[in-house]
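Examining the three-dimensional arrangement
Listed below are the residues making up each chain.
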Amino acid sequence: MYNKIIKLIIAAGIIAFAIYQFTEGNIGNGIMFILLSLIFVFLYFKNEFILLAFLRLRKQDFDGAKKWLDKIKNPESALVKKQQGYYNYLHGLMVSQTNMNDAEKYFKKAVTLGLSMDHDLAMAKLNLSGIAFSKRRKMEAEKLLQEAQKLDKQGMLTEQIKMMKENMKRSQMPNQHFGAGGSIRAQKRRGN
């Protein structure tokens, strides 16, 4: 895994060579090298391993996505801040299948670092809401659910948000006991 600065150095070198090609009269070569340098600038802002991991997740291939993410050895030096957010977001999605505590750490770090797409941030907050609700932190879960609903401007998560709200309402209802409840002694006093 290359450091993020190396990609910019390579792009600058290719642009310098493109300028040299322009001065020599090779306009076509210069244009081709400028376009080639744009690839390295693009990969500075969108990491190739994170893009490949996203493709694997779209196919529900968690092992393949993990394989691509594991190629990023040191995320702090290899990724810009938003990419680190997506790195943690993807890890949170994969770990949420097995370990809620680790998933919560990854999602919180992703929200702290920031995600560039609102629906990704809404998804992270929705997952955090579900984790908080399962740990009986109801106020935090409701707050995160409201934030997720505000961020979901395109309505991609409306079904999940609706189901989460229904689950929260169901847990608020008091448990009703029908029939003769209570201890055995109380039932004998009532004559049952």
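In what follows, the structure referred to is the one given above.
To start, this report covers the structure provided alongside it. Each chain has its residues counted from 1, following the order in which its sequence is written. In keeping with the predicted nature of the model, local features appear solely for residues at pLDDT of at least 70, side-chain atom pairs appear and are counted solely at 80 or more, and the whole-chain, interface and lining totals rest on all residues. Each side-chain value is worked out from all heavy atoms of the structure, with water and hydrogens disregarded.

Turning our attention to the packing of aromatic side chains. Aromatic rings from Phe, Tyr and Trp, with only the six-membered ring used for Trp, were paired whenever their centres fell within 6.5 Å, and each pair was classed as stacked if the ring planes differed by under 30 degrees, edge-to-face if by over 60, and tilted otherwise. Considering all chains together, one arrives at 7 aromatic pairs under this definition. Measuring from centroid to centroid gives 4.9 Å for tyrosine 44 and phenylalanine 45, while their planes differ by 85 degrees, and the two rings are edge-to-face. When the ring of phenylalanine 54 is compared with that of tyrosine 86, the centres are 5.8 Å apart and the planes differ by 65 degrees; the resulting orientation is edge-to-face. Within this pair, whereas phenylalanine 54 is found in helix α3 (residues 48-58), its partner tyrosine 86 is found in helix α6 (residues 81-95), the two being separated by 32 residues in sequence. Note on classification: 1.4 Å probe, protein chains only; a residue is buried when its accessible area is under 20% of the maximum for its type, exposed when over 50%, partly exposed between these limits. On the accessibility criterion, phenylalanine 54 (27% relative accessible area) is partly exposed. Taken together through their ring pairs, the aromatic side chains of Phe54, Tyr86, Tyr89 and Phe107 make up a single cluster. Secondary structure elements are taken from DSSP: a helix is a run of H or I of four residues or more, a strand is a run of E of two residues or more, and numbering for both begins at the N terminus.

Each salt bridge in this description consists of a side-chain nitrogen of Lys or Arg and a carboxyl oxygen of Asp or Glu lying within 4 Å of one another. As enumerated under the stated definition, the model contains 10 salt bridges in all. A salt bridge links glutamate 104 to lysine 135, with the shortest nitrogen-to-oxygen separation between them at 2.7 Å. A residue pair is termed long-range when its members are at least 10 positions apart, and glutamate 104 in helix α7 (residues 100-113) and lysine 135 in the loop between α8 (118-134) and α9 (138-151) qualify at 31 residues. By relative accessible area, which is 31% here, lysine 135 ends up partly exposed. With a closest N to O distance of 2.8 Å, glutamate 140 and arginine 137 form a salt bridge. Where salt bridges share partners, they join Glu104, Lys108, Lys135, Arg137 and Glu140 into one cluster.

Right, let's get into the environment of leucine 90. Mapped onto the elements, leucine 90 comes out in helix α6. Sequence separation between leucine 90 and alanine 103 is 13 residues; the distance between their C-alpha atoms is 9.7 Å.

A word on the side chain of glutamine 84. Position of glutamine 84 relative to the elements: it lies in helix α6. Residue contacts follow a heavy-atom distance rule, with two residues in contact if any of their heavy atoms lie within 4.5 Å. When sequence neighbours within four positions are dropped, the list of residues in contact with glutamine 84 reads Pro75, Glu76, Leu79 and Leu113.

Turning to the packing of helix α1 (residues 4-23) against helix α2 (residues 27-45), a few remarks are in order. Packed helices, taken two at a time, are described by the angle their axes make and the gap between the axes. Direction vectors running N to C along α1 and α2 enclose 170 degrees, while the axes themselves pass 8 Å from each other. With respect to α2, the element α1 is oriented roughly antiparallel. Residue-level inspection shows Lys4, Lys7, Leu8, Ile10, Ala11, Ile14, Ile15, Phe17, Ala18, Gln21 and Phe22 of α1 in contact with α2, the latter providing Ile27, Asn29, Gly30, Ile31, Phe33, Ile34, Leu36, Ser37, Phe40, Val41, Leu43 and Tyr44. As a working rule, the residues Ala, Val, Leu, Ile, Met, Phe, Trp, Tyr, Cys and Pro are called nonpolar, Asp, Glu, Lys and Arg charged, and the rest polar, with Gly in that last group. Partitioning the contact of α1 with α2 into residue classes produces 17 nonpolar, 4 polar and 2 charged. The axes used here are C-alpha line fits, helices contributing only the stretch in contact, and every angle between their N-to-C directions lies in the interval 0 to 180 degrees. Throughout, the term roughly parallel applies to angles under 35 degrees, roughly antiparallel to angles over 145, roughly perpendicular to angles from 65 to 115, and oblique to all others.

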